[in-house]
Amino acid sequence: MHILVTGGAGYIGSHTCVDLLDSGYALTAIDNLSNSKQEALRRVEQLTGKPVEFHQLDLLDRAGLDAVFAAKPVDAVIHFAAYKAVGESVAKPLDYYQNNVTGTINLLAAMRHHGCKNLVYSSSCTVYGEPKFVPITEEHPTAAAESPYGWTKLMTEQIMRDL
């Protein structure tokens, strides 16, 4: 099984790459390196003793995404590529909408075009607002977001439900 990890050079992405490689999966990591460093993937290779196929790629580059999907069929995607700072999202809302929403739409379009229907999406607890009960489960109702970051996560979840 071949898995594409978006945001693969980030903290969670690189740790996921270690677990996937250690579990015998083939993977390709993509990352635009705006909040990460390629050194993280070199460390993944050191830890696992296995090479990581890496593409420095922004999800806003639809042609680049298509090229990655076309090069080697992708069975599943684990999507970590997103801006994630609540305060920064208030200062730069358009950057967050462009990166998080448009980037995810591009990824979903590439997946559809190449017949990949398996996705693990890294959302955020911010979509639940003030908890109505704990622990929060998947059945917990979502609430109006309190930041542009939260809205991007809520919007992309809705887009995926619509698909």
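Above: the structure in question.
Everything quoted here is computed from the prediction, not taken from an experiment.

Engineer: What is the right way to look at the environment of Ala110 in this model?
Structural biologist: Its location among the elements puts Ala110 in helix α5 (residues 93-113). Between the C-alpha atom of Ala110 and that of Ala70, which follows or precedes it by 40 residues, the distance is 9.6 Å.

Engineer: Looking at this structure, how should I read the pattern of salt bridges?
Structural biologist: If the charged atoms of two oppositely charged side chains come close together, the side chains can form a pair. Taken as a whole and assessed by the stated rule, the structure comprises 5 salt bridges. In this structure, Glu39 and Arg43 form a salt bridge, with 3.4 Å as the shortest nitrogen-oxygen distance. One end of the pair, Glu39, and the other, Arg43, are both in helix α2 (residues 39-48), 4 residues apart, so they sit about a helical turn from each other. Classification of Glu39 as partly exposed rests on a relative accessible area of 30%. For Arg43, a relative accessible area of 49% gives the class partly exposed. The salt bridge partner of Glu88 is Lys92, with a shortest N-O separation of 4.0 Å. Its relative accessible area of 36% is what places Glu88 among the partly exposed residues. A residue is classified by how much of its surface remains accessible, and Lys92, at 42% relative accessible area, is partly exposed.

Engineer: Where do I start with the side chain of Lys153 in this structure?
Structural biologist: By secondary structure assignment, the location of Lys153 is in helix α6 (residues 148-162). Although Lys153 is buried, it forms no salt bridge, and the closest oppositely charged side chain is Glu157 at an N-O distance of 7.9 Å. Excluding its chain neighbours within four sequence positions, the residues that come into contact with Lys153 are Ala82, Tyr121, Ser122, Ser123, Ser124 and Val127.

Conventions we followed
- Residues numbered from 1 in each chain as written.
- Predicted model: local features only at pLDDT ≥ 70, side-chain atom pairs only at ≥ 80, totals over all residues.
- Heavy atoms only, no water.
- Helix = DSSP H or I, 4+ residues; strand = E, 2+ residues; numbered from the N terminus.
- Salt bridge = Lys/Arg side-chain N within 4 Å of Asp/Glu carboxyl O.
- Buried < 20%, exposed > 50% of the residue type's maximum accessible area, 1.4 Å probe, protein only.
- Lys, Arg positive; Asp, Glu negative; His and termini not counted.
- Contact = heavy atoms within 4.5 Å.

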